Amino acid sequence: MADCREQETKKRGIVLYGQGLVLYVLVLSGTLLAAEGNRSERIFEAIPNPRITVTNMTGQILVRGWDKAQVHVAYSVMSPHVEVDTEVVPPNGPADKIHFATHLLDPLVSGKDQTADYSLDVPTGTCLEIRNPQGSVRIEKFQGDDASVESVGGAILVSDFTGHLFVRSIGGNIDVVRASGRVEAYSITGNLHFVSPTTSKLRGSTTSGRILFEGDFQDGGDYSLQDYSGDIEILCPSSASFELFAKTVRGKLQNEMPMTIRHRAATPISSANSLFGTHLTGKATVDLKSFSGTIRIRQR
Amino acid sequence: MEGEEGTFVPAHAAECAFCRAIVADLEALRAAAVELPLEEPSPAVWSQIRAQLVAAGAFTEKTSLWDWFRQLDLLRRPVPVATFACMVILGSLLTAPRNYPEQETTSAVTALPARTAVQSMAFVGDSAALEQVVRQLEEAFRAREGSLAPDLKATYENSLVSLDASIRECSDSLRREPGNSLAHEYLLGAYSQKVEVLSSALEFDAGR
C-alpha cells in the first residue's frame, strides 16, 4: 500500500517536472522568437568615406571599423512601438550618406521600451555622427575621418580610434583608449579617462568629474585638461618630455616628476597655485587647470 | 513646325489639299493678326493671371519687413527662438570688445594678467544682464522639465547643481579678488556651459 502511494507520488513528480520543462522550453522559445522578430540586419554598399549618422534615444550603440566598402548594421528594438528609419543618399548605388534614426510610434512609450541597440561595421574613412542621449556608445578599432559622439547621461568608450574625435556627455563617463588624431572630450559631471593616447592634440574638460591621463606625450603635442572641482591626475613615464603649465585656485598641486621649475609662486594678482616647469627637454606642452580640485603629476 | 526645316511643309501642302487649306487659314490668321491694333488687356485680366501665378507658387508677393518677420511664425516655436536669442546675447556679452584702460606693465610676465584683471572687473559689471539671460533659459527649462524622462531629468539637474556651485564659488572669489584671472575664466566657462546644458535640455524636449 505504502509502495503504491510512493510510486504515485513519484509519477506525479515526474509529470510535474515534465510539464515544467515543457513550459520553460516554450517560454524560452517564445522569448527568442520575439527577440529575433525585433532584430534587423542590413548591408549597404557605400563609397569609401561615407557619412553615417545615428540618432537614438536610449540603448547601446557599438561601432567598429572594417576594410570593406560596405556598411553593416544590426539593430534590435525593445518594443513594437519603436522603429528605426533608414535614409540612404543616394537611394541607388553606393551610399554617400546613411542616416539611422530611432523614433517612437507611440509618444506615450517611456523608459526601457524606448530602447534600440545598434551594432555597425563601417568603412575606413567614414565620417561618423552619433547622438544617443540616454544610452551608451562604444567605438572600437576604427580609422575614421571625423567622429562626433554626444550623449546626455550615457557612457562613451572609444578605443583604437584614428581621426578627429569629438565626444561630449553631460553626465556620463568618457573613456578614450589609444586614440590618435585630434581628441576633444567634454563633460559636466562625468569622469574623463585617457589611456595611452598617441594624439598630438588633446582637449578635455569636466566640471565635477575626475580626469585621469595615463600615457606618454607626443613630441610637439598639445594637451589641455581642465576641471573645476574634480581632481586631475597625470600618470606618465619617466621618459616623457613636456613643458608643464599647471594652475589651481583653491586646490592642491602635487608633482612627483623631476622638473626644471620656471616659476612657482602665487601670482601677484591671484591666490592660484601654479607650476610652470619643464621635464627633460619639454617637447610637448601640457596645460592643466583646476579651480578647487587637486592636480597630481606622477611617474608611472 | 518650329525648329524644323521649312521645306517639308510647303512641299507637302502642294500635294495635300487638306493641309494646303490649313496652311492657307494659318497664313490668313497671321496676316490679320499683324493688322490688329495693340490693345492693353483690362486690369482684371492681369490680376487674374497674377493671382493664379501666386497660387501656383511661381513668385511671392512683395511683403514688408514686418510681414516677412511674421511669416517666420516665431510665436509657434518660442523655446528654440528664445534659446537662440539668449545664445546671441550671451555670445555678445562674452565676446564684445570693450575699451579697457591700458595699464603700465613692468614685465612680460605681468602684462597679460594685469589686462585680464581689468576685464574681470568689467565682466562683473555685465553679470546682471548675463544672469538674466541664463535665468530666462532656466525658467523655460523648469516649465518643461516635467516632460523629460526621470533619469534624463536627474542628469540635467545634477549638471546644473554642479555648474551653479561653480558659478557661486567663482563669483565669491571674484568679489574677494577681482583680479583673479582663473576665477574669471571659470565663471565665464560655467555660464557658457550652463547655457549649453539648458539649451540641450530644451532642444531634447522640443525634439520629442
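Everything that follows concerns the structure shown earlier in this document.
The sections below set out a description of the structure shown in this document. Everything numeric here is computed off the predicted structure, so don't read it as measured data.

About the thresholds
Residues numbered from 1 in each chain as written. Chains lettered and ligands numbered in written order. Predicted model: local features only at pLDDT ≥ 70, side-chain atom pairs only at ≥ 80, totals over all residues. Heavy atoms only, no water. Helix = DSSP H or I, 4+ residues; strand = E, 2+ residues; numbered from the N terminus. Buried < 20%, exposed > 50% of the residue type's maximum accessible area, 1.4 Å probe, protein only. Contact = heavy atoms within 4.5 Å. Areas by Shrake-Rupley, 256 points an atom, 1.4 Å probe, with all protein chains shown as cover. Pairing = 2+ DSSP bridges. Core = buried A, V, L, I, M, F, W, Y, C linked by side-chain atoms within 4.5 Å. Domains from an automatic or database assignment. Axes fitted to C-alpha atoms, helices over the stretch in contact; angles between N-to-C directions. Parallel < 35°, antiparallel > 145°, perpendicular 65-115°, else oblique. Left-handed = near helix turned anticlockwise from the far one by under 90°.

Next up on the list: the overall build of chain B. Regarding its fold elements, chain B presents eight helices and zero strands. Mapped from its N terminus to its C terminus, chain B presents α and β elements in the order α-α-α-α-α-α-α-α. Counting over 208 residues, chain B shows a buried share of 27%. Excluding contacts between residues fewer than 6 apart, the proportion of contacts in chain B whose partners are at least 24 apart in sequence is 65%. On chain B, roughly 14,100 Å² of surface is accessible, and the fraction owed to carbon and sulfur atoms is 61%.

In this section: the pairing of strand S20 (residues 273–279) of chain A. Residues and elements named next belong to chain A. In terms of residue burial, S20 counts as a mostly covered element, since six of its seven residues are buried. Where strand S17 (residues 242–248) lies against S20, seven bridges are found, and the strand directions are antiparallel. From the neighbouring strand, Phe245 faces S20, where its bridge partner is Phe276.

Within the largest apolar cluster, 60 residues are counted, with the highest numbers of intra-cluster contacts made by Tyr118(A), Leu120(A), Phe194(A), Phe217(A), Phe242(A) and Leu288(A). Two domains share this core, each providing at least three of its residues, namely domain 2 (38–151) and domain 3 (156–300) of chain A. Leu130(B), Leu148(B), Leu160(B) and Val195(B) belong to the second-largest nonpolar core, a separate cluster that totals 31 residues.

All names here are of chain A. With omega at -10°, the peptide bond leading from Val89 into Pro90 counts as cis. If you trace the backbone, Pro90 turns up in the loop between strand S4 (82–89) and strand S5 (95–104). Although it is not a glycine, Asp160 adopts a positive phi angle of roughly 55°. As for its position among the elements, Asp160 is in strand S9 (residues 156–169). Note on Asp160: relative accessible area 25%, which makes it partly exposed.

Residue and element names in this part refer to chain A. As paired strands, S4 and S5 are joined by eight bridges and run antiparallel to one another. Each bridged residue has a counterpart across the sheet, and for Val89 the counterpart in S5 is Lys97. Where S4 folds back onto S5 in an antiparallel hairpin, the turn is made up of five residues, including Gly93, whose phi is positive at roughly 85°.

Take the packing of helix H1 (residues 8–15) of chain B against helix H2 (residues 17–35) of chain B next. All names here are of chain B. Relative to each other, H1 and H2 sit at 125°, their axes nearing to 6 Å. The angle between the axes of H1 and H2 places the two elements in the oblique class. Every pair of crossing elements has a handedness; the one defined by H1 and H2 is left-handed. Seen from H1, the contacting residues are Val9, His12, Ala13, Ala14 and Glu15; seen from H2, they are Ala17, Cys19, Arg20 and Val23.

Let us look at the environment of Val77(A). All names here are of chain A. Examined against the element boundaries, Val77 turns out to sit in strand S3 (residues 70–77). We classify Val77 as buried; its relative accessible area is 13%. Along the sequence, Val77 and Asn38 sit 39 residues apart, while their C-alpha atoms lie 5.5 Å from each other. With residues up to four places along the chain from it excluded, the contact list for Val77 reads Asn38, Val82, Val84, Thr115 and Ala116.

Limitation: the analysis is restricted to geometry and does not speak to function.
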